[in-house]
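So the chains spell out like this:
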Amino acid sequence: MNRISKFFDDTLLDLGRQFKWSYLPPLMVYVAAGISGLTGIVGTFFVKDYLNLSAAFLAGLGFWAGIPWALKMPLGHLVDLIWNKKNYMVYFGAFLISISLLIMYGLIIHTEELALIFSVEKWFVISVILAPVGYVIQDVVADAMTVEAVPLTDEKGKDYTKDQIKLMHTTMQTLGRFAIIGGTVLVALANVILFRDVDNLEQAEKINLYGSIYIYALIIPLVSVLGVILGSYLKKKRINDLRIQGLEYKDEHSTQKTEINWWILGGSLIFVIFTLSVGSLNLPFAQEIVFIGSVIIILFLMFKLIKELPKHLRLTIVGTAVIIFIFRAMPGPGPGLTWFEIDVLEFNEQFFSILSLLASILTLVGIVMLRPFMAKNSIAKLIVVLSIAGAILFLPSVGMYYGFHNWTASLTGGVVDAKFIAIINTALESPLGQVSMIPLLAWIAKNAPTHLKATFFAVFASFTNLALSASALGTKYLNQIYTVTREVKDKVTQEIQTSADYSELGILLITVTLLTLILPIVFVFIINNSKYKTSE
């Protein structure tokens, strides 16, 4: 009993004791990122029912939506350069997010009016691209604000020790993950409430509910803006409190001036021009060209940047980044699995909300429970374990496609049905997604040069986020090989535009499962038998 109470005290209560009010502003920006999922379920059902876009096209759109996250690289360096003006970037990000949400509201409620300007599908693409640009701008500033949130001196101007500062950074990063996932818990709970009577609603009432949720989502940019306003207020208050005592305010970032890195800015400008040019010209294989070009540019900038590190750390960070890249680059099944769950397994909006709530809560619990495992084991071992677990957790979806839930339901009097299996699977799967990035973030926080922390975070996040673009490409290819369609009706005329066909979904799921299991483990073996071996 004493061991349980000590574990609870060390993991949760101590986190509360370490909290400082200066942590709150970046946490508010992170919460805003967490609650961005408020519209996720609405978007899924609206796209499925009313937008005649193929699974392969949607996977390809996911590639373009992921590209703005590669812009963390120049934006992170820009934050280091304009440190005292970085709040304006959050305001601009909030503006873009608001526009994206209002476009989706217009698509749902005022479809015919917007269709007179652009096609419904084109409006949807604009909204999907604008949102991640806004979120990436805010995320870069939030990462930088976590550095500023950790004070170098106490209220009386006495310097904290290096160990105390390290502990505060660790606490700040942990609370940051909690804030993001806590935001997802809030929106999942909100969705459960909003969709509680969804099966009893007429189609017109359901459409109005969808539109209302996009209006409610405008709280997302508002929370982030309030966060930076609060941050400015708390910083000015602390400066004034120290000045009254005749003391000077110390800022970690001001201890070393950041010089302009023209390689990063120039390379990033080339990256942006290259991406926009290829994307707008509708070239064949545009996504592949952009992806390969992006990888080349970011790798070049990474190798320029890691020269700032001691020699013995350079190979380690490269090996670590490659392993995490491959793990995150594994393709998924695409939207076809969700369509199957809606049409065949009869999961509705409220049930997806319950799954989302369960996943968010258990992710929080999982991060706490897995923290000792992450601390004691190398990233290579962690990736192997996560790959095996990920493949195993695909098996219930494969089984349900082939009717496994019908067999279990017949044996248990209907208790272990499709929804029961989905809940158990979600409970086991949810903590795994967040775990792979935590060790890399901790490594950067510990080893990156003080004056380039935001830049390091941004460059390596750009590289690992490109893995998600690779995942989207792989998902697109698999959906071109194995075609999955759902029934689509015209929102105005109710005419059926596409019929449902899930005949190839089973082999698609099996292929994804095998790739998830085999490829990351093979690359861990290759890296750990080379000079890039990582024991971090």
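Residue positions are given per chain, counting from 1 as you read along its sequence in written order. Confidence filtering applies because this is a predicted model: local features only for residues at pLDDT of at least 70, side-chain atom pairs given and counted only at 80 or more, and all residues used for totals across whole chains, interfaces and linings. Side-chain calculation: all heavy atoms of the structure are included, whereas hydrogens and water are not.

Peer 1: It is not clear to me how the overall build of the chain should be interpreted in this structure. Could you clarify?
Peer 2: A helix here means a DSSP run of H or I that spans at least four residues, while a strand means a run of E at least two residues long, and both kinds are numbered starting from the N terminus. In terms of helices and strands, the chain carries 23 helices and two strands. Note on exposure labels: buried denotes an accessible area under 20% of the residue type's maximum, exposed denotes more than 50%, and partly exposed covers the range between, all computed with a 1.4 Å probe on protein chains only. Out of the 536 residues in the chain, the part that is buried amounts to 52%. A total of about 25,000 Å² of accessible surface is found on the chain, and carbon and sulfur atoms cover 66% of it. Per-residue and other accessible areas follow the Shrake-Rupley method at a 1.4 Å probe size, with only the shown protein chains counted as cover for residues.

Peer 1: How should I be thinking about the packing of aromatic side chains in this particular structure?
Peer 2: The geometry of an aromatic ring pair is captured by two quantities: the separation of the ring centres and the angle between the planes. For this analysis, a ring pair means two rings from Phe, Tyr or Trp (six-membered ring only for Trp) whose centres lie within 6.5 Å, classed as stacked if their planes differ by under 30 degrees, edge-to-face if by over 60, and tilted for the remaining angles. In this structure the tally under the stated criterion is eleven aromatic pairs. Centre to centre, the rings of Phe404 and Trp407 are 5.8 Å apart; their planes meet at 45°, and the pair counts as tilted. Of this pair, Phe404 and Trp407 both sit in helix α18 (residues 404–411), three residues apart, which is roughly one turn of that helix. Among the residues examined, Trp407 registers a relative accessible area of 51% and is labelled exposed. Put simply, a charge is over a ring when the Lys NZ or the Arg CZ is close to the ring centre, within 6 Å, and near the line of the ring normal, within 35 degrees. Of note, Lys419 hangs over the ring of Phe351, and the distance from its end group to the ring centre comes to 5.2 Å. Above the ring of Trp339, the side-chain terminus of Arg486 is found at 4.1 Å from the ring centroid.

Peer 1: Sorry, what's going on with unusual backbone geometry here?
Peer 2: For residues other than glycine, phi is negative in most cases, and the peptide bonds are mostly trans. Here Phe285, not a glycine, exhibits a phi torsion of approximately 55°, which is positive. Mapped onto the secondary structure, Phe285 falls in the loop between α12 (262–280) and α13 (286–305). For Glu346, which is not glycine, the phi torsion reads 65° and is therefore positive. Along the polypeptide, Glu346 turns up in the loop between α15 (335–343) and α16 (349–376).

Peer 1: Would you mind showing me how to read the nonpolar core here?
Peer 2: Generally speaking, nonpolar side chains in soluble globular proteins are found buried as a group. To qualify as a nonpolar core, a set must consist of buried Ala, Val, Leu, Ile, Met, Phe, Trp, Tyr and Cys residues joined through side-chain atoms within 4.5 Å. The biggest cluster of nonpolar side chains holds 63 residues, and the ones touching the most others in it are Leu107, Phe124, Phe195 and Leu505. Two residues qualify as a contact provided that any one of their heavy atoms is within 4.5 Å of a heavy atom in the partner residue. Not counting chain neighbours up to four residues away, the residues in contact with Leu505 comprise Gly336, Leu337, Phe340, Tyr401 and Val484. Grouped together as the second largest cluster of nonpolar side chains are 35 residues, Phe271, Val318, Ala329 and Ala467 included.

Peer 1: Hey, could you run me through the packing of helix α2 (residues 24–34) against helix α11 (residues 219–244) in this one?
Peer 2: Two quantities define a packed helix pair, namely the angle between the axes and the distance from one axis to the other. Between the N-to-C directions of two axes lies an angle of 0 to 180 degrees, each axis being a line fitted to C-alpha atoms and, for a helix, fitted only over the stretch in contact. Two elements in contact, α2 and α11, have axes separated by 8 Å at closest approach and are oriented at 170°. In terms of axis orientation, α2 runs roughly antiparallel to α11. For the pair α2 and α11, the contacting residues are Leu24, Pro25, Met28, Val29 and Ala32 in the first and Ile220, Val223, Ser224, Leu226, Gly227, Val228, Leu230, Gly231 and Leu234 in the second. Partitioning the contact of α2 with α11 into residue classes produces eleven nonpolar, three polar and no charged. Every angle not falling under 35 degrees, over 145, or within 65 to 115 is termed oblique; those three ranges are roughly parallel, roughly antiparallel and roughly perpendicular. Three classes are used: nonpolar for Ala, Val, Leu, Ile, Met, Phe, Trp, Tyr, Cys and Pro, charged for Asp, Glu, Lys and Arg, and polar for all others, with Gly counted as polar.

Peer 1: Just to check I follow, could you spell out the environment of Ile481 for this structure?
Peer 2: Tracing the chain through its elements places Ile481 in helix α22 (residues 453–481). C-alpha of Ile481 to C-alpha of Ala56: the two residues are 425 residues apart in sequence and 9.4 Å apart in space.

Peer 1: Even after reading the chapter, I still don't get helix α4 (residues 55–66), so can you show me in this structure?
Peer 2: What sets the pattern is the α-helix's 3.6 residues per turn: residues three or four places apart point alike. Here a helix's expected span is defined as the number of its residues, less one, multiplied by 1.5 Å. With twelve residues, α4 extends 17 Å between its outermost C-alpha atoms, agreeing within 8% with the 16 Å of an ideal straight helix rising 1.5 Å per residue. Judged by how many residues are buried, α4 sits mostly within the fold: nine of twelve residues are covered. Among the residues of α4, Ala55, Ala56, Leu58, Ala59, Gly60, Leu61, Phe63, Ala65 and Gly66 are the ones counted as buried.

Peer 1: How should the side chain of Thr513 be read in this particular structure?
Peer 2: As for its position among the elements, Thr513 is in helix α23 (residues 505–527). Here Thr513 falls in the buried class, since its relative accessible area comes to 8%.

Peer 1: How should the pattern of salt bridges be read in this particular structure?
Peer 2: When their charged atoms lie close together, side chains carrying opposite charge are able to pair. Salt bridges are identified by distance alone: a Lys or Arg side-chain nitrogen within 4 Å of an Asp or Glu carboxyl oxygen. Across all of its chains, the model carries four salt bridges by this definition. A salt bridge links Asp49 to Lys48; the shortest N-O distance between them is 3.0 Å. You can call Asp49 partly exposed: its relative accessible area is 23%. Note that Glu349 is salt-bridged to Lys206, the shortest N-O span being 3.9 Å.

Peer 1: Got a minute to help me understand the side chain of Thr475 in this structure?
Peer 2: Turning to its location among the elements, Thr475 is positioned in helix α22. Since its relative accessible area comes to 8%, Thr475 is described here as buried. Non-local contacts of Thr475, meaning those with residues more than four positions away in its chain, are made with Ala59, Pro331, Gly332, Pro333 and Gly334.

Peer 1: Looking at this model, I keep getting lost on the environment of Gly332. Mind explaining?
Peer 2: Tracing the backbone shows Gly332 in the loop between α14 (311–328) and α15. Setting aside residues up to four positions removed in sequence, Gly332 forms contacts with Ser471, Thr475, Leu478 and Val512.

Peer 1: How should the packing of helix α17 (residues 379–401) against α23 be read in this particular structure?
Peer 2: In contact at an axis separation of 9 Å, α17 and α23 are set at 170° when each is read in the N-to-C sense. As judged from the angle between their axes, α17 and α23 are roughly antiparallel. Contact with α17, carried on its side by Ala380, Ile383, Val384, Ser387, Ile388, Gly390, Ala391, Phe394, Leu395, Ser397, Val398 and Tyr401, involves Leu505, Gly506, Leu509, Ile510, Val512, Thr513, Thr516, Leu517, Pro520, Ile521 and Val524 of α23 and no other residues of that element. For the contact of α17 with α23, the per-class residue count stands at 17 nonpolar, six polar and no charged.

Peer 1: It is not clear to me how the environment of Leu51 should be interpreted in this structure. Could you clarify?
Peer 2: Examined against the element boundaries, Leu51 turns out to sit in the loop between α3 (40–50) and α4. Since its relative accessible area comes to 0%, Leu51 is described here as buried. Each C-alpha atom of the pair Leu51 and Glu121 lies 6.6 Å from the other, and the pair is 70 residues apart in sequence. If near-sequence neighbours (up to four positions away) are discounted, Leu51 is found in contact with Phe46, Val120, Glu121, Phe124, Arg486 and Val488.

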